[in-house]
Amino acid sequence: MGGAIDSRYIGAIRKGIMAQMKNGPLTGSPCQNIRVVVFDGKMHSVDSNDISFQLAASGAFKEAFQNAKPQLLEPMYRVEILCPDEATGDVMGDLQTRRAIISGMDTEGHYQKIIADVPLAELDDYGSTLRSITGGKAKFTMAFSDYQLVPGNVQQELIKHYAEQVEE
């Protein structure tokens, strides 16, 4: 830090930044692994106070964050589905509507084993949908895989939805 800001305001600056990181500026989602450096600033010996620095830091973080063109990440799950041969096409079609990435297929007797990576947001009602598609003859397992970038169109929709919520 430069010498223009009294060290007693560092806590207030940190608090303002952490508040913005907790409720991220894009979608209200927490922000992680961000390095912030304050290298200069101004203060007034009479008018400066903790809340002023907290609000200034919060606003500065929000502006800098949005100018950095951040990317949202979403949790991906590895899903393995065991379904009858005759339902494979319908199951694959449903997976495609859920933004799934099919990574493999195998045969186990009269059943097909489909392996796919699917965003968690798309798995909300998957069990009941799979039962409906296959007449209850399929089963699936899922396990966390990793985080991947949210597609640009989906990110824009999430940001728009969040902005509408904030306005209300």
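Residues numbered from 1 in each chain as written. Predicted model: local features only at pLDDT ≥ 70, side-chain atom pairs only at ≥ 80, totals over all residues. Heavy atoms only, no water.

By the naming in an unreviewed UniProt entry, the chain is Elongation factor G, taken from Bergeyella porcorum.

Before going further, it helps to examine the pattern of salt bridges. Applying the stated criterion to the full structure yields seven salt bridges. In this structure, Lys-113 engages Glu-80 in a salt bridge whose closest nitrogen and oxygen atoms are separated by 3.5 Å. Of this pair, Lys-113 sits in strand β3 (residues 111-119) while Glu-80 sits in strand β1 (residues 73-84), and the two are 33 residues apart along the sequence. Classification of Lys-113 as partly exposed rests on a relative accessible area of 22%. Residue Asp-125 is joined to Arg-98 by a salt bridge in which the shortest nitrogen-to-oxygen separation is 3.3 Å. In this pair, Asp-125 is assigned in the loop between β3 and α4 (126-134) and Arg-98 in the loop between α3 (88-97) and β2 (101-108), connecting sequence segments 27 residues apart. A relative accessible area of 41% means that Asp-125 is categorised as partly exposed. With relative accessibility at 7%, the residue Arg-98 sits in the buried group. (Salt bridge = Lys/Arg side-chain N within 4 Å of Asp/Glu carboxyl O. Helix = DSSP H or I, 4+ residues; strand = E, 2+ residues; numbered from the N terminus. Buried < 20%, exposed > 50% of the residue type's maximum accessible area, 1.4 Å probe, protein only.)

A few words now on the side chain of Ser-58. Mapped onto the elements of the fold, Ser-58 is located in helix α2 (residues 50-67). When neighbours within four sequence positions are excluded, Ser-58 is seen to be in contact with Gly-16 and Gln-20. (Contact = heavy atoms within 4.5 Å.)

Within the largest apolar cluster, 15 residues are counted, with the highest numbers of intra-cluster contacts made by Ile-5, Ile-13, Ile-17, Met-21, Phe-53, Phe-61 and Phe-65. Contributions of two or more residues to this core are made by α1 (10-22) and α2. Beyond its immediate sequence surroundings of up to four residues, Phe-53 is in contact with Ile-5, Tyr-9, Ala-12, Ile-13, Lys-42, Met-43 and Ser-48. Of all hydrophobic cores here, the second largest spans 14 residues; its members include Ile-81, Leu-95, Ala-116 and Leu-130. (Core = buried A, V, L, I, M, F, W, Y, C linked by side-chain atoms within 4.5 Å.)

Moving on, we get to the packing of aromatic side chains. The geometry of an aromatic ring pair is captured by the separation of the ring centres together with the interplanar angle, meaning the angle of the planes. Going through the model one piece at a time under the given rule, you end up with five aromatic pairs. When the centroid spacing of 4.5 Å and the interplanar angle of 15° are considered together, the rings of Tyr-9 and Phe-53 count as stacked. Of this pair, Tyr-9 sits in the segment before α1 while Phe-53 sits in helix α2; the two residues are 44 residues apart in sequence, bridging distant segments of the chain. Looking at Tyr-9, the relative accessible area reads 5%, which means it is buried. With a relative accessible area of 9%, Phe-53 lands in the buried category. Each ring, one from Tyr-126 and one from Phe-140, has its centre 5.1 Å from the other, and the planes form 85°; the classification is edge-to-face. (Phe/Tyr/Trp six-rings, centres within 6.5 Å; stacked < 30°, edge-to-face > 60°.)

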